[in-house]
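# Observations on the model geometry
One-letter residues, chain by chain:
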Amino acid sequence: MFKILFENAGKKLKAVAIAVFILFVIIGIVAGKIASDALDPSMETVFIVVGIIMGAISGWINSIFLYAFGELCENMRRVRLAKEKK
């Protein structure tokens, strides 16, 4: 019953990594907007751009490890299946 949840985990991890990156960029935009409202509303564009940049960098750093682990899982699955065919 729950077997389908755990099949092809590598592909699912890679999809989650992409979602994490997008989420971090969105959080960066929101954080930039909140910071501009709290500190200096006249510099809204600067805060939003900094938020996008920081969100993209931190999202990339977090998601690259998750994506790489998903890739590793997929490659190990291929190796195991190839070995079973022999």
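Residues numbered from 1 in each chain as written. Predicted model: local features only at pLDDT ≥ 70, side-chain atom pairs only at ≥ 80, totals over all residues. Heavy atoms only, no water.

## Let's talk about the overall build of the protein
In terms of regular secondary structure, the protein is built from 3 helices and 0 strands. Along the protein, helices and strands appear, N-terminal first, in the series α-α-α. Taken against the 2.2 N^0.38 rule, which gives 12 Å for 86 residues, the C-alpha radius of gyration of the protein at 19 Å runs more than 25% over that of a compact globule. With respect to the three principal axes, the spread of C-alpha positions in the protein is 65 × 25 × 10 Å. A buried classification covers 15% of the 86 residues belonging to the protein. Across the protein, every contact between residues at least 6 apart in sequence was considered, and the portion connecting residues at least 24 apart equals 65%. Between the mean site of the 11 positive side-chain charges and the mean site of the 7 negative ones, the protein shows a separation of 19 Å. (Helix = DSSP H or I, 4+ residues; strand = E, 2+ residues; numbered from the N terminus. Rg over C-alpha atoms; globule rule 2.2 N^0.38 Å. Buried < 20%, exposed > 50% of the residue type's maximum accessible area, 1.4 Å probe, protein only. Contact = heavy atoms within 4.5 Å. Lys, Arg positive; Asp, Glu negative; His and termini not counted. Charge placed at Lys NZ, Arg CZ, Asp CG, Glu CD.)

## With respect to the pattern of salt bridges
In total, this model carries 5 salt bridges according to the counting rule given. One salt bridge in this structure joins K33 and D37, with 3.4 Å as the shortest N-O distance. Here K33 and its partner D37 are both found in helix 2 (residues 9-38), 4 residues apart, which amounts to about one turn of the helix. E44 serves as the salt-bridge partner of K33, at 2.7 Å between the closest nitrogen and oxygen. Of this pair, K33 sits in helix 2 while E44 sits in helix 3 (residues 44-85), and the two are 11 residues apart along the sequence. (Salt bridge = Lys/Arg side-chain N within 4 Å of Asp/Glu carboxyl O.)

## Topic: the packing of helix 2 against helix 3
Remark: helix 2 packs on helix 3, axes separated minimally by 7 Å, with the N-to-C direction vectors making an angle of 165°. It follows from the interaxial angle that helix 2 and helix 3 lie roughly antiparallel. As for the relative orientation of helix 2 and helix 3, their crossing is right-handed in sense. When its residues are assigned to classes, the contact of helix 2 with helix 3 shows 18 nonpolar, 11 polar and 6 charged. (Axes fitted to C-alpha atoms, helices over the stretch in contact; angles between N-to-C directions. Parallel < 35°, antiparallel > 145°, perpendicular 65-115°, else oblique. Left-handed = near helix turned anticlockwise from the far one by under 90°. Nonpolar A, V, L, I, M, F, W, Y, C, P; charged D, E, K, R; others polar.)

## Comments concerning the confidence of the model for the protein
This prediction gives the protein a mean pLDDT of 89; 99% of its residues lie at or above 70. Mean pLDDT in the protein bottoms out at helix 1 (residues 3-6), which sits at 78, and peaks at helix 3, which reaches 91. (pLDDT = per-residue confidence, 0-100.)

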